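Per-entry structural report
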Amino acid sequence: MTSRLEETFYGQDFISVNQIKDRETVDELFDSAYEMEQAVAAHEVGDVLAGHAIPIIFYQPSTRTALSFLYAAKRLGAYSEAMHDMTFSSAAKGESLPDSIRAIQNVTSASAIVLRHPDDNSSQEAAYYADVPIINAGSGKREHPTQALLDLLTIHARRETLDNLKIALVGDLLYGRTVKSLALLLSRAGQNNQFTFVSAPQLRLPNEFLADLPNGTQFSQTENIQDALDADVLYMTRTQREWFEKEGKLDEYEELRAKLMLTKEMAQQMPEDSVIMHPLPRQEELRYGVDENPRAAYFDQMKYGLYMRMAILKAILVKG
Amino acid sequence: MTSRLEETFYGQDFISVNQIKDRETVDELFDSAYEMEQAVAAHEVGDVLAGHAIPIIFYQPSTRTALSFLYAAKRLGAYSEAMHDMTFSSAAKGESLPDSIRAIQNVTSASAIVLRHPDDNSSQEAAYYADVPIINAGSGKREHPTQALLDLLTIHARRETLDNLKIALVGDLLYGRTVKSLALLLSRAGQNNQFTFVSAPQLRLPNEFLADLPNGTQFSQTENIQDALDADVLYMTRTQREWFEKEGKLDEYEELRAKLMLTKEMAQQMPEDSVIMHPLPRQEELRYGVDENPRAAYFDQMKYGLYMRMAILKAILVKG
Amino acid sequence: MTSRLEETFYGQDFISVNQIKDRETVDELFDSAYEMEQAVAAHEVGDVLAGHAIPIIFYQPSTRTALSFLYAAKRLGAYSEAMHDMTFSSAAKGESLPDSIRAIQNVTSASAIVLRHPDDNSSQEAAYYADVPIINAGSGKREHPTQALLDLLTIHARRETLDNLKIALVGDLLYGRTVKSLALLLSRAGQNNQFTFVSAPQLRLPNEFLADLPNGTQFSQTENIQDALDADVLYMTRTQREWFEKEGKLDEYEELRAKLMLTKEMAQQMPEDSVIMHPLPRQEELRYGVDENPRAAYFDQMKYGLYMRMAILKAILVKG
């Protein structure tokens, strides 16, 4: 019998969280990721992807995400290499994405390609031209599906559930792709969760995004993190100074972001079993002393990223 | 009995297509490359180069060529690493090529070194100082021997012969090393082929190069690709705008390059079993619709590059 | 019984040569390094670090040191990747070293991290935040402990002793970390050695460094390399033009560095079994013809670097 995991992933591109239709798929990914955790801890030398090549190409540098995929591929036995900044390469001579994708696919005889790119539709475009699965490692302003899954895994590892949670998403919700991918995925995979979206009014989630949330999703919006300290999951992101600078509104920035910072004292007020997350890198939104709070899970997120990406690569390339 | 392949390659530098003296050597390389193709398709984990280190150092960035060698080395079991831009490294502090070559050889305990460099005599210089084989991955304006071999393999894979062919080489023939290496190799390895050199008058093959072609090589020259549409192999390259810009002749450029572009309609007029090639990256010389033509082989070239480089690395490092 | 090597290295950070307390530890490292030399020569495929990840992160580019660690890790079976210039990555967005270290540790599930950084206390800081051993691949102006050990191994391989030697250290002693690490280590591990420190008066070893040498260390200082040609080990380094340029004293520079250059003739006057060393890259301090002198050991140093780093990685990560 074909598993939901196999149906969703095997031989497929992974471009959007929307490809994950149900909780069963998520649970099967979790099971696989927890197995990966055991294998990594035991220093097992994986070979399920032996003989497969998985090039990793980034048009936006991100050391941590590139390394996460690279070591995930290596630990499963694949040949892999991270091109940390493709804008230095032939691309700089004006080569199109479709040509670069096909070139890298063929010179490596790739089984799958991991792509990060600033354009919203980059992964779709790459998938149209590639003969092998494209894995979206972050595209444009909206999608970062593997990050959403590792975030979900972190929540599950800490709380043992994806249901009946209060989730607060804080920071730059307008431009941030991480929070959007997470909200979409959790609203689909979990049940009876309540979202609080915390941001400056200028950086709220766009209305067209809110319209895409499943019917019946419970959410509220606020400008002040103080309103969200009862959350079970507090997901922090940075508010980009650049936006206010460009608009000539740096005064507003200083004032607004003060309402979006988490202090040591605020963290201590949160429910005891709550979880503080952040995709990192951070600026100053997590104040001195939060790191030492046991609720802080942002360094754990990166561990779960490795296990989840191992699970995803295996699901795409290994049948059954 | 020593094979021609072993005699030519084992333990040797590979710097110039001139090292390949006869068709037998080429045929033995082809046999090996076709075996590599099978191994790659079967996801075999090669180990003939296990325990060997093959550093790849590029003083001119070329993602695709570097990755081709890197995955060739990895797929044979070697330890390898691509230094995609050595001009960022110690070289920038003014280190000489002989010092850098010996440093990289010794810190890795290399079995061979792959080198790309803008100077014509860079590979010879490196080979003089190195204790291990140097493999030329493109040097200066004239030599790119592994590209010539992969081009030859592509022709052979499509046409099952290297003889009695009409070959048209199009574009910047003055500065392009790819076309020179290919013309030299094919004029030696094949029989009774006819070359047409298609370029702007300013960018013709230099006379000293034509003098190096074997006696009796049949060739003609033209400025217009229309004269070459009866070719069995149409090898396109780009004409560099930079040259005309530097000379203050951009008007001429626009006019000339129009005669060096292949349109969808022109491609359809070519013989049915003809092959359209290009080393990529391309600019606008392959017009809309050529990609879909079954004669187009330029993405296949890159596949054959992987197999050919695997065959070359093995021939240099494994006896017999 | 626990070996001295295990006591000193297993599960520990390696930040300073001061961690090596005695000759026994050095001898055990040498034994291990000579075994590595045999294994490398035999193209053995190591697996003692199979399943372990060792990311290599450099905030100061150094191709040769990064590659040395990279191939050391690979040859022992570890997963590894060299980030040759972290200043291009998230660090450029202002991420702190503690955050970057924990991120890279967790996304790779590292067993150890190799770090080069311009700050003197960078390795200590990283070690404070990391859960796994930090290996200092060069920090600030003072410490480069793995270089000191490979230098010692080179001396031992050539002279079969670390005692009763005349050692001359030449060049920029004020800013150079290599010479300081070597002098400290040899004054501790060897017996009855005599040091000559040869430098411009402006670039002498600082007094606080001299005070750190063990009691009874015999040394003299001079400005002229002619006074040191009776050395058993002549350790050359470059004198940095930048320092004199910054001070507006380029005239002095030309004059002073003439006294710090080794000519072919001077090298020939040295004792027959003496050893000429240099950490490379070099400028003009080794004049024409010295390379061909059998006393020259600077390319050998890099070979011993590979073996020594293999020995160090194994000592830190493998018990017993």
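Notes on the structure in this doc start here.

What counts, and at which threshold
- Residues numbered from 1 in each chain as written.
- Chains lettered and ligands numbered in written order.
- Predicted model: local features only at pLDDT ≥ 70, side-chain atom pairs only at ≥ 80, totals over all residues.
- Heavy atoms only, no water.
- Contact = heavy atoms within 4.5 Å.
- Buried area = accessible area lost by both parts, 1.4 Å probe.
- Salt bridge = Lys/Arg side-chain N within 4 Å of Asp/Glu carboxyl O.
- Polar contact = N/O pair within 3.5 Å; in protein donor to acceptor, adjacent residues only side chain to side chain.
- Helix = DSSP H or I, 4+ residues; strand = E, 2+ residues; numbered from the N terminus.
- Nonpolar A, V, L, I, M, F, W, Y, C, P; charged D, E, K, R; others polar.
- Phe/Tyr/Trp six-rings, centres within 6.5 Å; stacked < 30°, edge-to-face > 60°.
- Buried < 20%, exposed > 50% of the residue type's maximum accessible area, 1.4 Å probe, protein only.
- Axes fitted to C-alpha atoms, helices over the stretch in contact; angles between N-to-C directions.
- Parallel < 35°, antiparallel > 145°, perpendicular 65-115°, else oblique.
- Left-handed = near helix turned anticlockwise from the far one by under 90°.

**Re the interface of chain C and chain A**
Size of an interface: often given as the accessible area lost when the parts come together. Taken together, the contacts link 25 residues of chain C with 26 residues of chain A. Of the roughly 2400 Å² buried at the junction of chain C and chain A (both faces included), carbon and sulfur atoms supply 56%. Per-residue buried area on chain C facing chain A is highest for Tyr79(C), Asn106(C) and Val107(C); these three make up 28% of the total on that side. At the junction of chain C and chain A, the tally comes to three salt bridges. For Arg102(C), the salt bridge identified is with Asp291(A), shortest N-O distance 3.8 Å. Applying the counting criterion to the chain C and chain A interface returns nine residue pairs in polar contact (both at pLDDT 80 or more). Of all the secondary structure elements, the ones that give two or more residues to the side of chain C that touches chain A are β1 (53-58), β2 (79-83) and α4 (97-108) of chain C. With seven residues, the single largest contributor to the side of chain C that touches chain A is α4(C). In terms of residue class, the side of chain C that touches chain A is made up of 11 nonpolar, nine polar and five charged.

**Details of the packing of aromatic side chains**
With the rule as written, the count across this model stands at 24 aromatic pairs over all chains. Taken together, a centroid distance of 4.9 Å and an interplanar angle of 70 degrees make the contact between Phe9(A) and Phe14(A) edge-to-face. Aromatic pair Phe244(B) and Tyr253(B): ring centres 5.4 Å apart, planes at 45 degrees, arrangement tilted. No difference in accessibility class separates Phe244(B) from Tyr253(B), as the two residues are buried. One aromatic cluster is present, formed by Phe195(A), Phe197(A) and Phe219(A) through successive ring pairs.

**Concerning the packing of helix α4 (residues 97-108) of chain B against helix α5 (residues 122-129) of chain B**
All names here are of chain B. Remark: α4 packs on α5, axes separated minimally by 9 Å, with the N-to-C direction vectors making an angle of 55 degrees. Taken together, α4 and α5 sit at an angle that is classed as oblique. Here α4 runs over α5; the crossing is right-handed. Listed contacts from α5 to Leu97, Pro98, Ile101 and Arg102 of α4 are Ser122, Glu125, Ala126 and Tyr129. Residue composition of the contact of α4 with α5, by class: five nonpolar, one polar and two charged.

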